[in-house]
Amino acid sequence: MDKPTIDLSLPKTPREFGFFVDGGWIGAGDRDVFERNSPGHNVPVSRIPKCTEADLDMAVASARRAFDDRRWSGLSGADRAAVLLKTAEGIRTRAEEIAYWETLENGKPISQARAEVGGCIGMFEYASGLARAIHGDSFNNLGDGMFGVVTREPVGVVGLITPWNFPFLILCERVPYILAAGCTIVAKPSEVTSVTTLMLAEILHDAGLPDGVMNVVTGSGSTIGQGLIEHDHVDMLSFTGSTAVGRRVVEASGRTNFKKLGLELGGKNPQIVFADADLEDAADGVAFGIGFNTGQCCVSGSRLIVERSVADQFADMVAEKFKKVRVGDPLDEATQVGAITTDAQNATIMGYIEKGQSEGATLLHGGEQLDFGRGQYIAPTLFGNVTRDMAIAREEIFGPVLTVMPFDTVEQAIDIANDTEYGLAASVWTKNIDKALTVTRRVQAGRFWVNTTLSGGPELPIGGFKQSGWGREAGIYGVEEYTQIKSVHIEIGKRSPWVE
Ligand code: NDP
């Protein structure tokens, strides 16, 4: 059957959405409404309710009931898997619509949005297998009188706070694993990119997920997000976003019910290039690593660390790539780099570009806002003469801004790479296996790429070292995060009495 196609023109009027609780839509009613403008075109595209604290309580109560009565966790892994597989089919059927809304609200190129949605289908398919594979352990070595069993149980109600840079992908790196584990969910997407999270709730419902297992509450981080991280009836909180808000999540957990936390936070990720690398491949990978999603990725390769003998030549090669990258209207099929997602982020990136110049770095390429008549766009930007202490070398910019620093020895490359509070991701480019392995072992990062960058998929876990976060998402490790372990001692035969 042909997939339904979708008209890629801008909506004439913004589309109205409700929020999703206990298996159904709730309209905005008399609640305030947030209107989202497409960052690539600056026209209103969606209107989303600003939920109240009472709405949040209702959603948490719904998830609580659904967890406590075991309507989901009490099913067999096979039954949960069937729902996840059907959801994968539902996403496949609505893939064009989801990609279109990702592009409208986030500003990412439509071709990229389509590829991400394809990846999300794989997440559900893979996690469906994990629903059947989760298991514990047994200890048959405790003597004839004792048998030990270790079981995994779902953690419970999971609060899920996701950011605006990959609204659907980050969601789908978590939801199928959380559901595979048997947990229930209250999700709060970023206010500026809520639509595709609401769509996923509907698709899950249509796939047979019991009511109350997936709830979505819309609204701002400071109200609904803060309410969710402080909520006493939420057992675990998965947060993806800034390190600053991550700290608030940790504090809120400590102040309230010590909910378990999963955190994926910022990054300032190194790209280490040795002179013996395939420099053409490396230049392409480095340009992709910072240009993809306009550099608004927690894993963007934002610090280029190059062996001194090829540093100038390599910087020129990357600048050449930047010149050719097609920046423009996200709805144009040919576009590779789209719009900056929010006004605040646009101001932050331009602020860093100014700061880089005032701190004495040399602008080698870009640095300017691109004018396409509407929307907000920034040219891929390259800075040379960067020192370790500069803000552009230390702080997460979250934009298409790359800094170059030379190194002379392997030790120095590792030292520069590790000179950051973050530890999310890193790449190394070399044809020398010893250098590749030494750097992979010694650079502190939760995700590593050798002669490639930004590869991913449902099998390998994601997450960070140092201040980039706690825990792992995706893969078997991801599903295990949403379980807790119970040890069971089982006595065999007659007890030897304590009281004679
Ligand atoms: P935030 O950390 O503020 O936003 C991430 C998510 O947290 C959003 O859903 C947001 O909701 C929510 N949130 C905001 N405040 C609170 C709160 N007090 N309690 C609970 N949830 C909250 O990131 P920003 O959008 O402000 O971006 C700022 C910087 O963060 C970026 O420049 C970038 O450096 C980094 N960032 C990192 C990301 C990553 O993937 N690691 C993703 C996004 C940002 P809402 O948007 O509705 O306010």
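For the chain, an unreviewed UniProt entry supplies the name Aldehyde dehydrogenase family protein and the organism Hoeflea poritis. The record in UniProt for the chain states the following under Sequence similarities (unreviewed entry): "Belongs to the aldehyde dehydrogenase family."

K.L.:
Outline the overall build of the chain, listing residues and values.
P.N.:
For the chain, the count of helices and strands is 16 helices and 25 strands. For the chain, whose C-alpha radius of gyration is 24 Å, the value lies close to the compact-globule estimate of 23 Å for 500 residues. Principal-axis analysis of the C-alpha atoms places the extent of the chain at approximately 80 × 60 × 50 Å. Across the 500 residues that make up the chain, the buried fraction comes to 56%. A separation threshold of at least 6 residues defines the contact pool for the chain, and within that pool the share at least 24 residues apart is 73%. Accessible surface, the chain as shown: approximately 20,400 Å² in total, 51% of it carbon and sulfur.

K.L.:
Give a description of the layout of surface pockets that names residues and reports values.
P.N.:
What the largest pocket holds in volume is close to 820 Å³. Residue lining of the largest pocket: 36 residues in total, with Trp164, Phe239, Gly241, Ser242 and Val245 positioned closest to the centre. Broken down by secondary-structure element, the contributors of at least two residues to the lining of the largest pocket are α8 (221–230), β11 (236–240), α9 (243–255) and α12 (343–358). Residue composition of the lining of the largest pocket, grouped by class: 16 nonpolar, 15 polar and five charged. Taken domain by domain, the lining of the largest pocket gets at least three of its residues from each of domain 1 (15–265 + 468–486) and domain 2 (270–450). Considering only enclosed or pocket space, the second largest pocket measures out at about 470 Å³ in volume. If you go around the second largest pocket, you meet 24 residues; those closest to its centre are Leu169, Glu173, Arg447, Leu454 and Gly456. Looking at the lining of the second largest pocket, the elements that each hand over two or more residues are α4 (110–133), α5 (167–172) and β22 (447–450). Considering every element that reaches the lining of the second largest pocket, the biggest residue donor is α4, with five residues. Considered class by class, the residues forming the lining of the second largest pocket number 15 nonpolar, five polar and four charged. In this structure, the lining of the second largest pocket is formed jointly by two domains, domain 1 (15–265 + 468–486) and domain 2 (270–450), each of which donates at least three residues.

K.L.:
Outline the domain arrangement of the chain, supporting the account with residue identities and numerical values.
P.N.:
Its domain assignment divides the chain into domain 1 (15–265 + 468–486) and domain 2 (270–450). Averaged C-alpha coordinates put domain 1 and domain 2 at centres separated by 31 Å. Taken together, the 27 residues of domain 1 in the interface contact 28 residues of domain 2. Overall, the association of domain 1 and domain 2 removes approximately 2,200 Å² of surface from exposure, summing both partners, and the carbon and sulfur fraction of that is 56%. Here Glu333 ties to Arg114 by a salt bridge, and the two come within 2.7 Å at their closest N and O atoms. The interface formed by domain 1 and domain 2 includes 14 residue pairs in polar contact (both at pLDDT 80 or more). Only α3 (95–106) and α4 provide two or more residues apiece to the side of domain 1 that touches domain 2. Broken down by class, the residue content of the side of domain 1 that touches domain 2 amounts to nine nonpolar, eleven polar and seven charged.

K.L.:
Tell me about the UniProt feature "domain: Aldehyde dehydrogenase" (unreviewed entry) in the chain, and name the residues and values.
P.N.:
Within this structure's numbering, the places UniProt gives as "domain: Aldehyde dehydrogenase" (unreviewed entry) are residues 25–488. The span residues 25–488 is 41% helix and 21% strand, and its two end C-alpha atoms sit 42 Å from each other.

K.L.:
Now, about the pairing of β11: what can you tell me, with residues and values included?
P.N.:
With respect to burial, β11 is a largely interior element, five of its five residues being buried. Residues Met236, Ser238 and Thr240 of β11 are buried on one face, and the alternating residues Leu237 and Phe239, pointing to the opposite face, are buried as well. In this sheet, β11 lies alongside strand β8 (residues 157–161) in parallel orientation, the contact comprising four bridges. Each bridged residue has a counterpart across the sheet, and for Gly159 the counterpart in β11 is Leu237. Pairing of β11 with strand β12 (residues 260–264) involves five bridges; the strand directions are parallel. Across the sheet, the residue bridging to Phe239 is Leu263, located in β12. Each parallel crossover has a hand, and for β11 linked through α9 to β12 it is right-handed.

K.L.:
Now, about the sheet that holds strand β7 (residues 146–154): what can you tell me, with residues and values included?
P.N.:
Taken in spatial order, the three strands of this open sheet run β6-β7-β25, and their pairing is antiparallel. Each end of this open sheet is capped by a strand with a single partner; those strands are β6 (137–139) and β25 (483–491). The sheet shows a mean angle of 20° between the axes of neighbouring strands, direction not considered. The pairing of β7 with β25 spans nine bridges and is classified as antiparallel. In the sheet register, Phe147 faces β25, and the bridge partner there is Ile490.

K.L.:
Provide a residue-level description of the site of the ligand, including the pertinent values.
P.N.:
Close to the ligand lie 27 residues, the nearest being Thr162, Trp164, Ser190, Ser242 and Glu396. Within the contact set of the ligand, an oxygen atom lies 2.7 Å away from a side-chain nitrogen or oxygen of Ser190. Taking Gln345, its side chain carries an N or O atom lying 2.9 Å from an oxygen atom of the ligand. Its free accessible area being 860 Å², the ligand has 83% of it covered by the protein chains. At a threshold of 2 Å from the grid points, most atoms of the ligand map onto the largest pocket. Among the secondary structure elements, those contributing two or more residues to the shell around the ligand are α8, β11 and α9. Of the residues forming the shell around the ligand, the biggest block, four residues, is contributed by α8. When its residues are assigned to classes, the shell around the ligand shows ten nonpolar, twelve polar and five charged.

K.L.:
An account of the side chain of Thr184 is requested, with residue identities and associated values reported.
P.N.:
Along the chain, Thr184 falls in strand β9 (residues 184–188). Judged by its relative accessible area of 0%, Thr184 falls in the buried class.

Cut-offs applied
Residues numbered from 1 in each chain as written. Predicted model: local features only at pLDDT ≥ 70, side-chain atom pairs only at ≥ 80, totals over all residues. Heavy atoms only, no water. UniProt positions renumbered as here; feature names shortened; annotations may be inferred. Helix = DSSP H or I, 4+ residues; strand = E, 2+ residues; numbered from the N terminus. Rg over C-alpha atoms; globule rule 2.2 N^0.38 Å. Buried < 20%, exposed > 50% of the residue type's maximum accessible area, 1.4 Å probe, protein only. Contact = heavy atoms within 4.5 Å. Areas by Shrake-Rupley, 256 points an atom, 1.4 Å probe, with all protein chains shown as cover. 1 Å grid on protein atoms, 1.4 Å probe; cavity = no way out; pocket = protein on both sides within 12 Å on 5 of 7 lines; lining within 4 Å. Points joined across faces, edges and corners; volume = space filled by probe spheres on them. Nonpolar A, V, L, I, M, F, W, Y, C, P; charged D, E, K, R; others polar. Domains from an automatic or database assignment. Buried area = accessible area lost by both parts, 1.4 Å probe. Salt bridge = Lys/Arg side-chain N within 4 Å of Asp/Glu carboxyl O. Polar contact = N/O pair within 3.5 Å; in protein donor to acceptor, adjacent residues only side chain to side chain. Pairing = 2+ DSSP bridges. Right-handed = clockwise from strand over helix to strand, strands pointing away. Axes fitted to C-alpha atoms, helices over the stretch in contact; angles between N-to-C directions. Near = heavy atom within 4 Å. Sits in = over half its atoms within 2 Å of the grid points.

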